[in-house]
Amino acid sequence: MLPPGSGPGIAPSSSGVGHVHVPLTSGPGLGVTQIAGTAVGVAQDQDRSMAEADMELIRTKRALTTMAAAAALGGNGSGGSGGKNKYRKRSRATPPGKCHSCNIRETPEWRRGPDGARTLCNACGLHYAKLVRKREKALANGESPSIQRIDMEMLRASARAAD
């Protein structure tokens, strides 16, 4: 009879308690030796490999979707920064020289005025929009609007009167 802590598959230790070595495999050709009593190894390796497979599937689907969308938009399907982006960036046209109403050269935002897009500074553009709304409201109520036509001269006079 064998003494406790010895026998096939059991290695004696200095404490007198043996450890059982069980060969395990987590994949083809991968041999893992695990100490009995610990639940580390196979389960974590399988979870990790399943997660990696899932991520690879997600990446593949994402790449196919991106290429299909680019092809639908007429892009080259390169995918990276050279391809078409989901969001179009607004072109940054050169700012006009000055506001058509107050002649200021710098403003946080250029606004639409009676002369077209990006012709008024922020303050004059907001004032112009207010006058337009006021005029449209009067027309909708069937009233005779006090402002018949909004042009640059009328806008300048109105801005001076507001100051």
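Note that this is a predicted model, so its numbers are computed, not measured.

Moving on: helix H2 (residues 122-140). The end-to-end C-alpha distance of H2 is 27 Å, a good match for the 27 Å that 19 residues give at a rise of 1.5 Å each. Every buried residue belonging to H2 is among Cys124, Gly125, Tyr128, Leu131 and Ala138, and all of these are buried. Taken around the axis of H2, the buried residues stretch over an arc of 150°, which confines them to a single face. Exposed residues pointing more than 90 degrees away from the buried face of H2 are listed as Ala123, Lys130, Arg133, Lys134, Lys137 and Ala140. Here the buried face of H2 lies against strand E4 (111-113), strand E5 (116-120) and helix H3 (152-162). Just past H2, the residue Gly142 takes up positive phi, approximately 80°.

Counting eleven residues, the largest nonpolar core is built from Cys99, Trp110, Leu120, Cys121, Cys124, Tyr128, Leu131, Ile147, Ile150, Met152 and Leu155. Of all the elements in the fold, those that place two or more residues in this core are H2 and H3. Ignoring sequence-local partners within four residues, the contact set of Met152 consists of His100, Ser101, Pro114, Asp115 and Leu120.

Turning next to the confidence of the model for the protein chain. On average, residues of the protein chain score 74 in pLDDT, and 62% of them are at 70 or above. Overall, residues 9-17 carries pLDDT values under 50, and its contacts beyond four positions in sequence, including any with other chains, amount to 14 contacts. Taken as a whole, residues 30-34 scores under 50 in pLDDT and shows 16 contacts with residues more than four places along the chain or in a different chain.

Before going further, it helps to examine the pairing of E5. Two elements, E4 and E5, share two bridges in a ladder whose sense is antiparallel. By the bridge assignment, Arg111 is partnered in E5 with Leu120.

With phi around 65°, Asn103 is a residue other than glycine that occupies positive phi space. The topology assignment puts Asn103 in the loop between helix H1 (42-72) and E4. With relative accessibility at 47%, the residue Asn103 sits in the partly exposed group.

Reading the values: the criteria
Residues numbered from 1 in each chain as written. Predicted model: local features only at pLDDT ≥ 70, side-chain atom pairs only at ≥ 80, totals over all residues. Heavy atoms only, no water. Helix = DSSP H or I, 4+ residues; strand = E, 2+ residues; numbered from the N terminus. Expected span 1.5 Å × (residues − 1). Buried < 20%, exposed > 50% of the residue type's maximum accessible area, 1.4 Å probe, protein only. Arc of directions from axis to C-beta. Contact = heavy atoms within 4.5 Å. Core = buried A, V, L, I, M, F, W, Y, C linked by side-chain atoms within 4.5 Å. pLDDT = per-residue confidence, 0-100. Pairing = 2+ DSSP bridges.

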